[in-house]
Amino acid sequence: MSGARPGSAASPFKQPKAVFAVAFACVVSFMGIGLVDPILPAISNQLHASPSEVTLLFTSYLVVTAVAMLITNWVSSRIGAKRTLIAGLILIVVFAGLAGASGSLGDIIGFRAGWGVGNALFIATSLAVIVASASGGFAGAIVLYETALGLGIAVGPLLGGTLGEISWRGPFFGVSVLMAIALIATVVLVEPTPKPAQKTSLSAPFKALRHRGLLIMALTALCYNWGFFTILGYAPFPMDLSPIKLGLVFCGWGILVAIFAVFGAPRLQERLGIARTMYANLFVFALIILGIAIWTLDRPVLIVLTIVSGIFCGVNNTVTTQAVMTVSPVERSVASAAYSFVRFIGGGLAPYAAGRLVIAVNIHFPFYLGAGAVLLGIVILSTGHKLLAEAERVQAEDVKAAAAPAAAPAFAAVGGNSATRRGKAAEVMLVAIDGSPNADLVTDAAARLAADDNQVIQLVHAQESPVAGDGGIDGEVLEAARAVVRDHLDRLAASGVPAEGHVLLHAADHGTAGRLIAEYANEAGATTILIGAPTNHGLSALMDESASAELRRHAKARVLVIGPDVFSS
């Protein structure tokens, strides 16, 4: 058998150049989160602005990012993911440069808002593009994305502090230059993405929030982000450090975010489960913020607690994101937009509220409020405990399936159609079908080709788990998967073409589905594989591309893609 076995995994860091181009852009994009932390006091002093006014640099950036997330699917479903990605990069390059050239705080706040629009367009499509281009399917892409996120969050404050020692303008110009490099690399190296067949409506994210599970997770994230961005947006002021020292403090924080997002969260989740990990993590995070509230004016304690809070931010980022995508019954791209809209609203409003509350009450009160908001998040989360339990069950099944020995792809036989001939045909054609509109086209094309060449057809359908792919669809029960195969066996029988049907089990994502189909084809000795062209819209189409990429990577046979206007090999 060629290609990786189902139980093996390719290194997530052995990737095509296009993947590293987008990953580099991700690093720079995530730098923007903590970039301004070290220069907040300097901007306040040099532009004669109050801390409350300066925190609007966070508020304008994050609130506009939140609102812009609502239109990202609408945009990408009309111009395609690569163009959306490029549009976001261009906006970041332009507005970061304009912020650096500004002469007043009001101008910087406005340009940070424009930066937020570009950031929304970029982050909404970057993961999908990485998944479509990466080796190793969805899991490897997530590792790359989390690594880029961690590096960006860690390096952003350090870059901001280093360049901020020269001038507060330095970090803005630095991001503009780095993003320009990423933009050129993306244009040159990233392949064009599939043209969407359908368009997403502007109301889709709002409709998604009608689903109780997604709404609960989004509101929990809003409360968490209120505490998180209270620290990130206001803690630099009572620290009273130079830009480079502030950069080092928040770099230490970012390093812990990265380590615990990539390595700590999976281990905790495996040991405690999703629910207990989230409850415990949010509770301890609330205690950390409470400690900051009590010892706000004790600089050493404030610095230590701020850095240590990175542990809980990292764990929460990973576990919450996985839980959101598991409980959401809508497309992942739409779920992500709706979820990000709600949580970024909390992150955007918290720093400005902190500044106003310091004036109205005292410097301790915003952090007490932050701790209370995180505790409120635990209460909200507890109302969806059954949903978390279901998410744990789903992920446990995926882990069990992935860990099971697999010398060959696991499958369930469906049987043959009434046209099955006795004896062995000269060649085997493997036909991969799903429930999309293109499936009938694939079956009909297979019937014509098999009749011409006297081939026998092996008809397969990959049964995906509830967390598979960017579509975020509910898991497919085995009987429903069998029904899909039976329908197409009957269609082939009507054409007098012999065929046998099978359901391939435990495809954890679209990339895995593509690999399982390839390995089954190799085992069956197929000389040709027929698949349908992507028919989903926007970012979901890229996930279908990831399945095609994995199929081509591992299959020995030639692969033919069938669609209304597509017939390619």
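Residues numbered from 1 in each chain as written. Predicted model: local features only at pLDDT ≥ 70, side-chain atom pairs only at ≥ 80, totals over all residues. Heavy atoms only, no water.

Student: What should I look at first to understand the environment of Ala555 in this one?
Tutor: Along the chain, Ala555 falls in the loop between helix H21 (538–554) and strand S6 (558–562). Here the alpha-carbon distance between Ala555 and Ala526, two residues 29 residues apart in the chain, equals 9.4 Å. (Helix = DSSP H or I, 4+ residues; strand = E, 2+ residues; numbered from the N terminus.)

Student: Where do I start with the packing of aromatic side chains in this structure?
Tutor: For any pair of aromatic rings, the description rests on two quantities: the centre-to-centre distance and the angle between the ring planes. Applying the stated rule across the entire model yields 12 aromatic pairs. Taken together, a centroid distance of 6.3 Å and an interplanar angle of 65° make the contact between Phe58 and Phe229 edge-to-face. Placement of Phe58 in helix H4 (residues 56–79) and of Phe229 in helix H10 (residues 212–234) is noted, with a sequence separation of 171 residues between them. Considered together, Phe58 and Phe229 belong to a single accessibility category, that of buried residues. Here the aromatic rings of Tyr234 and Phe237 are separated by 5.1 Å at their centres, their planes lie at 45°, and the arrangement is tilted. Grouping residues by exposure puts Tyr234 and Phe237 together as buried. Positioned above the aromatic ring of Trp115, the side-chain terminus of Arg112 is 4.8 Å from the ring centre. (Phe/Tyr/Trp six-rings, centres within 6.5 Å; stacked < 30°, edge-to-face > 60°. Buried < 20%, exposed > 50% of the residue type's maximum accessible area, 1.4 Å probe, protein only. Lys NZ or Arg CZ within 6 Å of the ring centre and 35° of its normal.)

Student: Help me understand the pattern of salt bridges in this model?
Tutor: Where charged atoms from two side chains of opposite charge come close, those side chains can pair. In the structure shown here, the tally under the stated rule is two salt bridges. A salt bridge links Asp440 to Arg491, with the shortest nitrogen-to-oxygen separation between them at 3.8 Å. Of the two residues, Asp440 is situated in helix H18 (residues 438–453) and Arg491 in helix H19 (residues 478–494); the sequence distance between them amounts to 51 residues. Under the relative-accessibility criterion, Arg491 is labelled partly exposed at 33%. Arg491 serves as the salt-bridge partner of Asp444, at 2.8 Å between the closest nitrogen and oxygen. Taken together, the residues Asp444 in helix H18 and Arg491 in helix H19 connect sequence positions 47 residues apart. Taken together, the salt bridges that share partners define one network made up of Asp440, Asp444 and Arg491. (Salt bridge = Lys/Arg side-chain N within 4 Å of Asp/Glu carboxyl O.)

Student: Looking at this structure, how should I read the nonpolar core?
Tutor: For soluble globular proteins, nonpolar side chains are generally found buried alongside one another. Core analysis: the largest hydrophobic core is formed by 119 residues, its most contacted members being Phe172, Met179, Met239, Phe285 and Leu388. Counting 23 residues, the second largest nonpolar core, distinct from the first, contains Val442, Ala446, Ile457 and Val497. (Core = buried A, V, L, I, M, F, W, Y, C linked by side-chain atoms within 4.5 Å.)

Student: I would appreciate a short explanation of the pairing of strand S5 (residues 528–532) in the present structure.
Tutor: Two faces make up the sheet, and in a regular strand the side chains alternate between them. Burial within S5 is extensive, with four of its five residues counted as buried. The pairing of strand S2 (residues 428–432) with S5 spans three bridges and is parallel. Counterpart to Met429 in the pairing with S5 is Thr528. Where S5 and S6 come together, five bridges link them in parallel fashion. Each bridged residue has a counterpart across the sheet, and for Leu530 the counterpart in S6 is Leu560. (Pairing = 2+ DSSP bridges.)

Student: What's the story with the packing of H10 against helix H13 (residues 274–294) in this structure? I'm lost.
Tutor: What describes two packed helices is the angle between their axes and the distance between those same axes. Axis separation between H10 and H13 bottoms out at 10 Å; the angle between their running directions is 30°. Taken together, the axis directions place H10 and H13 in an arrangement best described as roughly parallel. The handedness of the crossing between H10 and H13 is left-handed. The residues of H13 that touch H10, namely those facing Met217, Thr220, Tyr224, Gly227, Phe228 and Ile231, are Met278, Leu282, Phe285, Ile289 and Ile292. In terms of residue class, the contact of H10 with H13 is built from nine nonpolar, two polar and no charged. (Axes fitted to C-alpha atoms, helices over the stretch in contact; angles between N-to-C directions. Parallel < 35°, antiparallel > 145°, perpendicular 65-115°, else oblique. Left-handed = near helix turned anticlockwise from the far one by under 90°. Contact = heavy atoms within 4.5 Å. Nonpolar A, V, L, I, M, F, W, Y, C, P; charged D, E, K, R; others polar.)

Student: Help me out: how do you make sense of the side chain of Thr220 in this one?
Tutor: Here Thr220 shows up in helix H10. On the basis of relative accessibility, which here comes to 3%, the residue Thr220 falls in the buried class. A polar atom in the side chain of Thr220 sits 2.8 Å from the backbone oxygen of Ile216. Not counting residues within four places of it along the chain, the set of residues in contact with Thr220 comprises Leu282, Gly377, Ile380 and Leu381. (Polar contact = N/O pair within 3.5 Å; in protein donor to acceptor, adjacent residues only side chain to side chain.)

Student: Looking at this structure, how should I read the packing of helix H1 (residues 17–34) against helix H8 (residues 170–189)?
Tutor: Packing of H1 against H8 brings their axes to within 9 Å, and their N-to-C directions diverge by 155°. It follows from the interaxial angle that H1 and H8 lie roughly antiparallel. Crossing of H1 over H8 shows left-handed handedness. Of the residues in H8, those in contact with Lys17, Ala18, Ala21, Phe24, Ala25, Val28, Ser29 and Met31 of H1 are Val175, Leu178, Met179, Ile181, Ala182, Ala185, Thr186 and Leu189. Residue composition of the contact of H1 with H8, by class: 13 nonpolar, two polar and one charged.

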